[in-house]
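# Results of the structural survey
One letter stands for each residue in the lines below.
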Amino acid sequence: MAIIPQTFLDSVVSIGVRNTVAINWIGTGFLVVKPVDENKYQPFLITNKHVLEKKNSVVIRMRKSDTHELVIVDVPLINNGERLYSCHPDNNVDIAAVLIVGSYLDKNMLSASAFNIDSSLLTSQEVIENGGGEGTGIFMLGFPMGLVNTKSMAPICRSGCIARIDTDEIRETKNMLLDIQNFPGNSGSPIITHPEIISIDGTKALSMCALIGIVHAYIPYQENLINSQTGCTVEIRSENSGIAKANPAEYIKETVEIEMARIYSKPIGINGEAS
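A quick note: this is a predicted structure, and the numbers were derived from the prediction, not measured.

Attention shifts here to the sheet that holds strand β16 (residues 211–226). As summarised here, the arrangement of the 6 strands in space is β12-β13-β14-β17-β16-β15, forming a closed barrel in which the pairing is antiparallel. Sheet twist, expressed as the average angle between the axes of neighbouring strands with direction ignored, equals 45 degrees. Pairing analysis gives 3 bridges linking strand β12 (residues 137–142) to strand β15 (residues 190–193), with the strands arranged antiparallel. From the neighbouring strand, Ile138 faces β15, where its bridge partner is Thr193.

Let's shift gears to the pairing of strand β5 (residues 70–76). In terms of strand pairing, strand β4 (residues 57–64) meets β5 through 7 bridges, oriented antiparallel. Pairing of Val58 across the sheet is with Val75, part of β5.

Turning to a nonpolar patch on the surface, a few remarks are in order. A cluster of nonpolar side chains, contributed by Met145, Leu147, Ile156 and Phe183, occupies part of the molecular surface with about 350 Å² of accessible area. Tracing the backbone shows Leu147 in the loop between β12 and β13 (156–164). Judged by relative accessible area, which is 45%, Leu147 ranks as partly exposed.

Once that is clear, we can look at the side chain of Thr255. When you line up the elements, Thr255 lands in helix α6 (residues 249–265). The exposure class of Thr255 is buried, given its relative accessible area of 0%. Apart from residues no more than four positions distant in its own chain, Thr255 is found in contact with Ser86, Cys87, His88, Ile95, Ala96 and Ala97.

Among the nonpolar cores identified, the biggest contains 73 residues, and Ile46, Leu178, Ile192 and Ile252 are the most heavily contacted of them. Top contributing element to this core by residue count: α6, with 6 residues. Those residues in contact with Ile252, other than ones at most four positions away along the chain, are Phe30, Ile46, Ile95, Ile117, Leu211, Gly213 and Ile214.

Glancing now at α6. End to end, α6 covers 25 Å across 17 residues, agreeing with the expected 24 Å (1.5 Å per residue, within 8%). All buried positions along α6 are accounted for by Ala249, Glu250, Tyr251, Ile252, Thr255, Val256, Glu259, Met260, Arg262 and Ile263.

Geometrically, a pair of aromatic rings is defined through the distance of the ring centres and the angle of the planes. Going through the model one piece at a time under the given rule, you end up with 2 aromatic pairs. Consider the rings of Phe8 and Phe115, whose centres lie 4.6 Å apart with planes at 45 degrees: the pair is tilted. You can see Phe8 sitting in helix α1 (residues 6–10) and its partner Phe115 sitting in strand β11 (residues 115–116), a full 107 residues away along the chain. A network of ring pairs unites the aromatic residues Phe8, Phe30 and Phe115 as a single cluster. The ring of Trp25 is capped by Arg61, whose NZ or CZ atom sits 5.8 Å from the centre of that ring. Here Arg83 stacks its cationic end above the ring of Tyr85, 5.1 Å away from the centre of that ring.

Cut-offs applied
Residues numbered from 1 in each chain as written. Predicted model: local features only at pLDDT ≥ 70, side-chain atom pairs only at ≥ 80, totals over all residues. Heavy atoms only, no water. Pairing = 2+ DSSP bridges. Helix = DSSP H or I, 4+ residues; strand = E, 2+ residues; numbered from the N terminus. Axes fitted to C-alpha atoms, helices over the stretch in contact; angles between N-to-C directions. Patch = residues over 30% accessible without salt bridge, like charges linked within 9 Å, V, L, I, M, F, W, Y side chains within 5 Å. Areas by Shrake-Rupley, 256 points an atom, 1.4 Å probe, with all protein chains shown as cover. Salt bridge = Lys/Arg side-chain N within 4 Å of Asp/Glu carboxyl O. Buried < 20%, exposed > 50% of the residue type's maximum accessible area, 1.4 Å probe, protein only. Contact = heavy atoms within 4.5 Å. Core = buried A, V, L, I, M, F, W, Y, C linked by side-chain atoms within 4.5 Å. Expected span 1.5 Å × (residues − 1). Phe/Tyr/Trp six-rings, centres within 6.5 Å; stacked < 30°, edge-to-face > 60°. Lys NZ or Arg CZ within 6 Å of the ring centre and 35° of its normal.

Structure below.
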């Protein structure tokens, strides 16, 4: 019995940077498509701003459509000093969108699964309206701690629940809180719902698997170690509290719209090709 659509799993990509020896896998991203015309879709790579910042390029892994071979695809981020991707303008929203030119995928025979931004996504308000709330099960798909399988694109799936999804808090901080363990490498991981078939009488069950957000940080637990003689703090210990921050999916939509506006004014995308 499958709970997560294979398309969702195949949409998640590992993000890395080249060094002199190999590739250092630093984060997670996922592909989304935005319908722009009948039978025409514009693909984008979604990840966190902080995964891409101060980098001229990154790499992702994709699969050849003819041989199914895994290949490394270079994603340029800067061209003549100009940024080739868009970031959400709110400092509390850690989301970036990169145009992936469809003609480049076709020419290089690269297959691409993706979340459909119009049909596979639920905003925070839609989550609540469809029966979601505190305690709703979720999955996080990504590549923590560089756990990238060289023979497979399969992400690591971790489960948890929505810890708090409050409209006032989202309006103020742009975050919902998750009870889930995320680690370095999970930055940019998509959060999807666990389909439920049971609910309390008089309430809805969130029965669909949908993209509802993107992880970007965790809340650390910090403890001060005090010198017994001086009373001064000599060390601050920090550890993962298990509470993660995620920007809800409406901000993914907004970032994609910003990137679409950019590319239609200056249509430059992956490897400098026009859309």
